[in-house]
Amino acid sequence: MTERLIAFDSIHQALRAEKEFLKAGMKFELAPTPREISASCGQSIVLSDTELPLAIKIISREIIKCRGVYAADFSQRIFEKMD
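Rules of the game
Residues numbered from 1 in each chain as written. Predicted model: local features only at pLDDT ≥ 70, side-chain atom pairs only at ≥ 80, totals over all residues. Heavy atoms only, no water. Phe/Tyr/Trp six-rings, centres within 6.5 Å; stacked < 30°, edge-to-face > 60°. Buried < 20%, exposed > 50% of the residue type's maximum accessible area, 1.4 Å probe, protein only. Helix = DSSP H or I, 4+ residues; strand = E, 2+ residues; numbered from the N terminus. Expected span 1.5 Å × (residues − 1). Arc of directions from axis to C-beta.

Draft legend 1. Focus on the packing of aromatic side chains. For the coordinates displayed, the defined rule picks out two aromatic pairs. The interplanar angle of 80° and the centroid separation of 5.7 Å between the aromatic rings of F21 and F28 together place this pair among those described as edge-to-face. Judged by its relative accessible area of 18%, F28 falls in the buried class. Ring geometry for F74 versus F79: centroids 5.4 Å apart, planes at 75°, classification edge-to-face. Assessed through its relative accessible area of 14%, F79 is described here as buried.

This is how it looks when you write it as structure tokens:
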């Protein structure tokens, strides 16, 4: 399963996303933001590739500011920013 990580500009934005994702019934996990991505906000959301389109729709609709979406390989500590 391919994982995606959404990193946020602030903890406030991460918590807003969590609230909206829960309302939508999405499956996701909260995780510390890897240092390879950012040290500014310590909270990210990890979800499956299949959940990503809905997540992006919610982020756009609710005007939630995120640092970016990354393809994540946690075992190798590789995080590639997606366009």
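Draft legend 2. Just the side chain of R4, in detail. As for its position among the elements, R4 is in strand β1 (residues 3-8). Accessibility expressed as a relative area gives 11% for R4, which makes it buried.

Draft legend 3. Representation of helix α1 (residues 11-23) in the model. With 13 residues, α1 should cover 18 Å at 1.5 Å per step; its first-to-last C-alpha distance of 18 Å lies within 8% of that length. Of the positions making up α1, those classed as buried are Q13, A14, A17, E20 and F21. The arc enclosing the buried residues of α1, seen along the axis, measures out at 130°, which places them on a common side. Away from its buried face by more than 90 degrees, α1 exposes K19, L22 and K23. Following α1 by one or two positions, G25 has its phi on the positive side, about 75°.

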